[in-house]
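Structural description and commentary
Each chain is listed here by its residues.
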Amino acid sequence: MSVALVKEKYSSKVGEVVLGATAEQGGTRTHTITVGGDSALPFLHFEGETKNRPVIAMEVTDVVPSWNDLIKNQIGDVINNPAAWAKKCVDDFGADLIYLKLDGANPEGENRSPEDCARIVKEVLAAVGVPLVVEGCDNAEKNNEIMAVIAEAAAGENLLIGIAEQDNYKSIAAAAMVHKHTLIARSPLDINICKQLNILIHEMGLPLNKIVIDPTVAGLGFGIEYVYSIMERARLGALANDKMLSMPIICTVGYEANRCKEAYATVAEFPGWGDLEDRGVLWEAVTASGVLQVGASILVMRNPAAVALVQKNIADLMGK
C-alpha cells in the first residue's frame with residue numbers, strides 16, 4: 001500500500017543575505033557567501049528548497065582567550081596572532097567565515113583603541129580570503145566607538161558587524177549603512193523584541209537583506225529547547241511572509257556550548273561523565289546540530305574537532 005507524503009506549502013521564504021565583497025564589488029574577498037533563501041523548514045527537501053547550505057564561522061579573538069586547553073592545543077601557537085589563527089582556521093579546519101571577536105577593546109582589559117582594533121581587522125582581512133564577521137567587546141559604549149572606525153577602515157568589504165541590540169543599535173546601524181556593511185541584530189530569546197529590533201533598524205534605512213538575526217542561543221542541556229522554540233517561531237514567521245522575521249539566523253554555538261560545565265569539567269571532578277576530550281567535542285557539535293535543525297544559517301564555533309563533525313553533518317543533511 002502506497003503512502004502519500006503530506007507536504008506543507010508556504011507563501012514565502014527566508015530572505016537571502018550576501019556576506020563579503022570581491023574586487024569587482026569593491027572589496028578584497030576571493031568570494032562571497034550567501035545565506036538564507038530557504039522555502040521550507042530546514043532540510044525538508046521534499047517540501048521546498050534549502051537554497052544555500054548553512055556555513056561555519058570559526059571564532060578568533062584578538063587576545064589569547066581563556067578557553068579550555070583541549071581547544072587551545074588544537075589551535076597551537078598561532079593563538080597569539082589573530083591573522084595567523086584565522087588563516088589556520090580556513091586552511092586547516094575548513095572554516096567558511098572568520099568570526100573576529102575584539103575582546104582586547106574592553107576597558108576592563110587591554111582597552112585597545114578603535115584604531116588598533118581597525119588595524120587588527122585589516123590584518124585578518126589580508127590573511128584570509130573568506131568574508132569576515134566582526135564583533136566588539138562586552139562593553140556597549142566602547143563598541144560604538146570601535147565599530148564606527150572599523151566600518152570606515154573596511155569600507156567596501158561588506159563585513160558582518162555586531163552587535164546591535166534594542167538599547168544600543170543606532171550607532172552601529174548607522175556605521176553599517178554609511179559604509180555598506182551587514183549587521184547582526186541580537187535579541188534576548190524574545191520573538192517580540194527580535195521583530196521590533198528589526199523594525200527599528202529597518203526604519204533607520206538599512207535594507208532587510210543587510211540584517212542577520214542573532215536570537216541568542218544556549219548550550220546543550222541549558223535551555224536549548226527554549227532556543228529551539230524561539231527560532232522555530234522566527235522561521236515559521238518568515239515562511240508565512242512576515243518580512244520582519246525573514247532574515248537568516250546566526251548562532252554563537254561555541255561560546256554557549258563551552259560555558260556549560262559538561263564541556264570543560266574534568267573526569268576527576270565528574271568520573272561518570274566520561275572522557276573530557278570526547279565530551280567537549282560532542283557538547284559543541286550536538287549543540288550545533290540542534291540549531292541546524294531549526295534554521296541556523298551561520299554557526300559560530302570554536303573547537304576544530306567539533307567543526308569537522310558538523311561539516312559532515314551539514315553535508316549529509318544537504319544530501320551531498
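Residues numbered from 1 in each chain as written. Predicted model: local features only at pLDDT ≥ 70, side-chain atom pairs only at ≥ 80, totals over all residues. Heavy atoms only, no water.

Per an unreviewed UniProt entry, the protein chain goes by CO dehydrogenase/acetyl-CoA synthase delta subunit (Corrinoid Fe-S protein) and derives from Desulfosporosinus meridiei.

1. Considerations on the layout of surface pockets
Definition in use: Points on a 1 Å grid, built from protein atoms alone, make a cavity when a 1.4 Å probe fits but cannot get out and make a pocket when they are open with protein on both sides within 12 Å along at least 5 of 7 lines; residues with an atom within 4 Å of a point are the lining residues. Grid points are joined across faces, edges and corners, and a volume is the space filled by probe spheres set on the points. Residue type decides the class: Asp, Glu, Lys and Arg count as charged, Ala, Val, Leu, Ile, Met, Phe, Trp, Tyr, Cys and Pro as nonpolar, and the leftover types, Gly among them, as polar.
Its boundaries defined by the atoms lining it, the largest pocket holds a volume of some 520 Å³. As for the largest pocket, its lining consists of 24 residues, of which E59, K101, D138, Y255 and R302 are closest to the centre. Here the residues of the lining of the largest pocket are counted per class, giving eight nonpolar, six polar and ten charged. The calculated volume of the second largest pocket comes to roughly 160 Å³. Lining the second largest pocket, in full, are E16, V17, V18, G20, A21, Q25, G156, N158, K180, N209 and K210. Its residues assigned to classes, the lining of the second largest pocket shows three nonpolar, five polar and three charged.

2. Re the packing of helix α2 (residues 82-91) against helix α3 (residues 114-127)
To be explicit about the condition: Axes here refer to lines fitted to C-alpha atoms; in helices the fit is confined to the stretch in contact. Angles between the N-to-C directions go from 0 to 180 degrees. The way it works is that DSSP assigns letters per residue, a run of H or I at least four long becomes a helix, a run of E at least two long becomes a strand, and they are numbered from the N terminus. Whether a crossing is left-handed or right-handed is set by the direction in which the near helix is turned from the far one by less than a right angle, anticlockwise for left-handed and clockwise for right-handed. In what follows, residue pairs with any heavy atoms lying within 4.5 Å of each other are defined as contacts.
Here α2 crosses α3 at 35 degrees, and the two axes come no closer than 8 Å. Regarding α2 and α3, the two cross each other, and that crossing is right-handed. Facing α2, whose interface residues are P82, A83, A86 and K87, α3 presents I120, E123, V124 and A127. The residue makeup of the contact of α2 with α3, split by class, is six nonpolar, no polar and two charged.

3. Comments concerning the UniProt feature "domain: CO dehydrogenase/acetyl-CoA synthase delta subunit TIM barrel" (unreviewed entry) in the protein chain
Rules: UniProt positions are given in the numbering used here, feature names are shortened, and annotations may be inferred rather than shown by experiment.
Those places that UniProt annotates as "domain: CO dehydrogenase/acetyl-CoA synthase delta subunit TIM barrel" (unreviewed entry) correspond, in this numbering, to residues 16-267. Annotation note: span residues 16-267, helix share 36%, strand share 16%, distance between end C-alpha atoms 44 Å.

4. Things to note about the pattern of salt bridges
Note the following rule: A carboxyl oxygen of Asp or Glu within 4 Å of a side-chain nitrogen of Lys or Arg is what we treat as a salt bridge. Exposed residues in this analysis have more than 50% of their type's maximum accessible area, buried residues have under 20%, and partly exposed residues fall in between, with area computed by a 1.4 Å probe over protein chains only.
Considering all chains together, one arrives at 19 salt bridges under this definition. The partner of R29 in a salt bridge is E157, and the shortest N-O contact between them spans 3.4 Å. Pair noted here: R29 is in the loop between β1 (16-19) and β2 (33-36) and E157 is in the loop between α4 (140-153) and β6 (160-164), with a separation of 128 residues, a long-range link. Each of the two residues, R29 as well as E157, counts as buried. When the shortest N-O distance is used, the salt bridge between R259 and E256 registers 3.0 Å.

5. Things to note about the environment of V300
Mapping V300 onto the fold places it in strand β10 (residues 296-301). Classification of V300 as buried rests on a relative accessible area of 1%. Excluding residues that lie within four positions of it along the chain, V300 makes contacts with A57, E59, Y99, I250, C251, T252, V253 and G254.

6. Topic: the packing of aromatic side chains
Just so we agree on the cut-off: Pairing of aromatic rings covers Phe, Tyr and Trp, the last counted by its six-membered ring, and requires centre-to-centre distances within 6.5 Å; plane angles under 30 degrees mean stacked, over 60 mean edge-to-face, and any other angle means tilted.
All chains considered together, the criterion is met by two aromatic pairs. Judged by centre distance (5.6 Å) and plane angle (75 degrees), the rings of W67 and W85 are edge-to-face. Here W67, found in the loop between β3 (55-61) and α1 (69-75), pairs with W85, found in helix α2; they are 18 residues apart in sequence, far enough to count as distant. Neither residue differs from the other here; W67 and W85 are each classed as buried.

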